Amino acid sequence: DAVPVLISGQCQERAGQHDSAIAAYDAYLTAHGEGPGAPAVRGRQLLARRDQASSVARRALIQEQQLAQQPGDARTIGILPLQIVGDSSYQPLSRGLAQMIISDIALLQQFRLVERLHIGALLDELKFAQGNRVDPATAARVGRLVRAGRMVQGLATIPDGGPVRLEASVVEGTGEVANADQVDGQMRDLLRLEKDLVVAIVTRLGYTL
């Protein structure tokens with residue numbers, strides 16, 4: 001029965017015990033992932049993770065002065081949402097492409113990737129509109145707040161019916177920006193372009209496939 005899990009989990013959430021609530025939801029889904037109550041528990045789990053990310057972001061902003069004095073781990077990488085230029089109907093790819101890049105780089109097991117949820121919550125707390133270009137100073141600030149040594153910011157140019165261009169640059173904790181890497185092709189080749197961009201990014205981060 002999912003009801004007791006949902007009730008106790010939400011009590012833990014309201015008490016600020018997000019880790020315990022998420023663990024309870026995970027345990028239920030592991031045992032009853034195909035059961036009738038699974039969709040409700042899965043939805044509640046997502047809300048709990050979002051609330052937790054927002055709480056962590058607010059706490060980081062309060063502690064920003066202390067965090068700024070602690071250098072981030074060079075092997076911890078944050079991927080910012082990509083700015084989408086051109087056809088506005090592709091705006092959802094801003095965070096979608098960022099998640100694909102995170103998942104692909106994570107496969108290498110050479111870097112620790114900051115969850116997109118945590119970066120998104122922090123950008124929300126900073127009142128940064130989705131799809132806007134993140135300048136290097138803001139990227140470096142976000143990196144310090146999520147304890148990432150380097151941040152990756154990208155741009156996807158997707159005109160209506162024209163060629164697609166993906167580009168990304170690495171921002172160091174100091175705000176210094178490396179030259180942007182870019183790949184070009186057609187919209188039908190978007191998945192291949194994303195993989196080619198990942199290869200360029202990890203090479204820029206100092207890892208050779």
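Relevant structure appears above.
Residues numbered from 1 in each chain as written. Predicted model: local features only at pLDDT ≥ 70, side-chain atom pairs only at ≥ 80, totals over all residues. Heavy atoms only, no water.

### Observations regarding the environment of Leu6
The criterion, for reference: Each helix is a run of DSSP H or I of at least 4 residues and each strand a run of E of at least 2, with the numbering of both proceeding from the N terminus.
Inspection of the secondary structure assignment puts Leu6 in helix α1 (residues 2-14). The spacing of Leu6 and Gly206 is 200 residues in sequence and 45 Å in space, taken between C-alpha atoms.

### Quick word on the packing of α1 against helix α3 (residues 38-62)
Where we set the bar: Working convention: axes come from line fits to C-alpha atoms, limited for helices to the stretch in contact. Angles between N-to-C directions cover 0 to 180 degrees. Roughly parallel covers angles under 35 degrees, roughly antiparallel covers those over 145, roughly perpendicular covers 65 to 115, and oblique covers all other angles. In this description, contact between two residues means that some pair of their heavy atoms is separated by no more than 4.5 Å. When residues are sorted by character, Ala, Val, Leu, Ile, Met, Phe, Trp, Tyr, Cys and Pro go into the nonpolar class, Asp, Glu, Lys and Arg into the charged class, and all the rest, Gly among them, into the polar class.
Close contact between α1 and α3 brings their axes to 10 Å; oriented N to C, the two are set at 10 degrees. On the basis of their axis angle, the class for α1 and α3 is roughly parallel. Taken together, the residues of α3 that come into contact with α1 (itself represented by Ala2, Leu6, Gln10 and Glu13) are Ala40, Val41, Arg44, Ala48 and Asp51. Tallied by class, residues from the contact of α1 with α3 come to 5 nonpolar, 1 polar and 3 charged.

### A look at α1
What counts, and what does not: Take the number of residues in a helix, subtract one, and multiply by 1.5 Å to get its expected span. Polar contact criterion, stated in full: a pair of N or O atoms within 3.5 Å, where within protein one must be able to donate a hydrogen and the other to accept it, and residues adjacent in sequence count only if both atoms are side-chain atoms.
Taking 1.5 Å of rise per residue, 13 residues should cover 18 Å, and α1 covers 18 Å from first to last C-alpha, within 8% of that figure. If you follow the buried residues of α1, they end up packed against α2 (18-32) and α3. The backbone nitrogen of Val3 has a side-chain oxygen 3.0 Å away, supplied by the residue at the start of α1, namely Asp1. Where α1 ends, the next residue or the one after it, Gly16, has phi of about 80 degrees, a positive value.

### Considering the pairing of strand β6 (residues 181-185)
Looking down a regular strand, the side chains alternate between one sheet face and the other. What counts, and what does not: Buried, partly exposed and exposed residues are distinguished by accessible area as a fraction of the type maximum, computed with a 1.4 Å probe on protein chains only: under 20%, between the cut-offs, and over 50%, respectively. Strands were regarded as paired on the criterion that DSSP finds at least two bridges between them.
Residues Asp181, Val183 and Gly185 of β6 are buried on one face, while the alternating residues Gln182 and Asp184, pointing to the opposite face, are not. Taken together, the 5 bridges between strand β5 (residues 164-172) and β6 define a ladder with antiparallel strand orientation. Looking at β6, one finds that Ala168 is bridged to Asp181.

### Points about the pattern of salt bridges
Convention followed: For salt bridges, the criterion is a side-chain nitrogen of Lys or Arg within 4 Å of an Asp or Glu carboxyl oxygen.
In total, this model carries 10 salt bridges according to the counting rule given. In this structure, Arg44 and Glu13 form a salt bridge, with 2.8 Å as the shortest nitrogen-oxygen distance. Pair noted here: Arg44 is in helix α3 and Glu13 is in helix α1, with a separation of 31 residues, a long-range link. With a relative accessible area of 8%, Glu13 lands in the buried category.

### Regarding helix α5 (residues 93-106)
Think of an α-helix as turning once every 3.6 residues; residues three or four places apart then point the same way. In a regular helix each residue adds 1.5 Å, so 14 residues correspond to 20 Å; α5 covers 19 Å between its end C-alpha atoms and thus fits that length. Those residues of α5 that sit buried are Leu93, Ser94, Arg95, Leu97, Ala98, Ile101, Ile102, Asp104 and Ile105.

### Some remarks on the packing of aromatic side chains
The geometry of an aromatic ring pair is captured by the separation of the ring centres together with the interplanar angle, meaning the angle of the planes. Going by this rule: Working definition: rings of Phe, Tyr and Trp (its six-membered ring) pair if their centres are within 6.5 Å, and the pair is stacked with planes under 30 degrees apart, edge-to-face with planes over 60 apart, and tilted otherwise.
Applying the stated criterion across every chain yields a total of 1 aromatic pair. With centroids separated by 6.5 Å and ring planes inclined at 85 degrees, the aromatic side chains of Phe111 and Tyr207 adopt a geometry described as edge-to-face. In this pair, Phe111 is assigned in the loop between α5 and β3 (112-113) and Tyr207 in the segment after α8 (190-204), connecting sequence segments 96 residues apart. Since its relative accessible area comes to 12%, Phe111 is described here as buried. Owing to a relative accessible area of 25%, Tyr207 belongs among the partly exposed residues under this scheme.

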